[in-house]
Amino acid sequence: MARYGYRCTIDGPLEITLPIGTAPATVACPSCGETSARVFSAPMLGLADRGRMAVIDHCETSRDAPDVVSTPAGTPRRSTPTAPPNPAFARLPRP
Ligand SMILES: [Zn+2]
């Protein structure tokens with residue numbers, strides 16, 4: 001899979017992941033449906049070490065879909081109170 005860049009005239013740049021060699025010249029923008037032309041940029045070949053690339057990939061992923069956290073970073077964890085077990089669960093069939 002590879003990321004291909006397109007530019008929507010309304011929403012700006014967008015990236016679409018497709019199998020290598022299958023990128024069409026234009027795609028419909030996922031936001032507005034407008035025809036978006038393909039743009040070409042320098043390829044991101046894996047010249048950096050894997051740890052750095054993993055951090056960069058994680059940062060790019062969290063930009064659009066951030067991880068859900070319950071406490072701010074650096075805050076000591078507190079145990080979450082749990083509900084007492086429901087006795088009805090013991091009667092459910094086991095796999
Ligand atoms: Zn658009």
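In case you missed it, the structure is sitting above this.
Here's what I pulled together on the structure shown here. Please read all numbers here as calculations on a predicted model, not as lab measurements. Counting starts from 1 at the beginning of each chain's written sequence and moves along it residue by residue. Thresholds applied to this predicted model are a pLDDT of at least 70 for local features of residues and 80 or more for the giving and counting of side-chain atom pairs; totals over whole chains, interfaces and linings are not thresholded and use all residues. Calculated side-chain values reflect all of the structure's heavy atoms, with hydrogen atoms and water omitted.

## A closer look at the overall build of the protein chain
Point 1. Helix numbers and strand numbers start at the N terminus; a helix is a DSSP run of H or I with at least 4 residues, a strand a run of E with at least 2. For the protein chain, the count of helices and strands is one helix and four strands.
Point 2. Computation of the radius of gyration draws on C-alpha atoms alone. For the globule rule, the value is 2.2 Å times the number of residues to the power 0.38. Its C-alpha atoms give the protein chain a radius of gyration of 22 Å, clearly above 12 Å, the size a compact globule of 95 residues would have.
Point 3. Principal axes of the C-alpha set define a box for the protein chain whose edges measure 60 × 35 × 30 Å.
Point 4. Only protein chains enter the calculation, and the probe is 1.4 Å; a residue is then buried if its accessible area is under 20% of its type maximum, exposed if over 50%, and partly exposed in between. Residues classed as buried in the protein chain amount to 13% of the 95 residues present.
Point 5. Put simply, 23% of the contacts in the protein chain that link residues at least 6 apart link residues at least 24 apart.
Point 6. A total accessible area of about 8,500 Å² is found for the protein chain, and carbon and sulfur atoms account for 59% of it.
Point 7. Counted as positive: Lys and Arg. Counted as negative: Asp and Glu. His and the chain ends are not counted at all. A single reference atom marks each charge: NZ on Lys, CZ on Arg, CG on Asp, CD on Glu. For the protein chain, the distance from the average position of its 10 positive side-chain charges to the average position of its 8 negative side-chain charges is 12 Å. Whether two residues are in contact is decided by their heavy atoms: any pair within 4.5 Å suffices. We get accessible surface area from the Shrake-Rupley algorithm with a probe of 1.4 Å; when it comes to residues, only the shown protein chains can shield them.

## Examining the coordination of the zinc ion
Point 1. With water omitted from the atoms examined, metal sites may look incomplete; donors here are N, O and S atoms no farther than 2.8 Å from the metal, or 3.2 Å in the case of Na, K and Ca. Around the zinc ion, the protein contributes the donor atoms C8 (SG), D11 (OD), C29 (SG) and C32 (SG), which lie 2.0 to 2.3 Å from the metal centre.
Point 2. One chain supplies every donor to the zinc ion, and in sequence these donors are spaced C-x2-D-x17-C-x2-C. Here the residue D11 occupies a position in the loop between β1 (2-8) and β2 (12-18), and C32 occupies one in the loop between β3 (26-28) and β4 (35-39), the gap between them amounting to 21 residues.

## Side note on the nonpolar core
Point 1. Counting residues in hydrophobic clusters, the biggest one holds nine residues: A2, Y4, Y6, C8, L14, I16, A23, V27 and C29.
Point 2. Those elements giving two or more residues to this core turn out to be β1 and β2. Only buried residues count toward a nonpolar core. Its members are Ala, Val, Leu, Ile, Met, Phe, Trp, Tyr and Cys residues joined through side-chain atoms within 4.5 Å.

## What about the environment of R3?
Point 1. In this fold, R3 is placed in strand β1.
Point 2. Taking the relative accessible area as the measure of exposure, R3 reaches 53% and is therefore exposed.
Point 3. Not counting the four nearest positions on each side in its chain, R3 is found in contact with E15, I16, T17 and E60.

It is worth stressing that arrangement in space is one thing and function is another; only the former is reported here.
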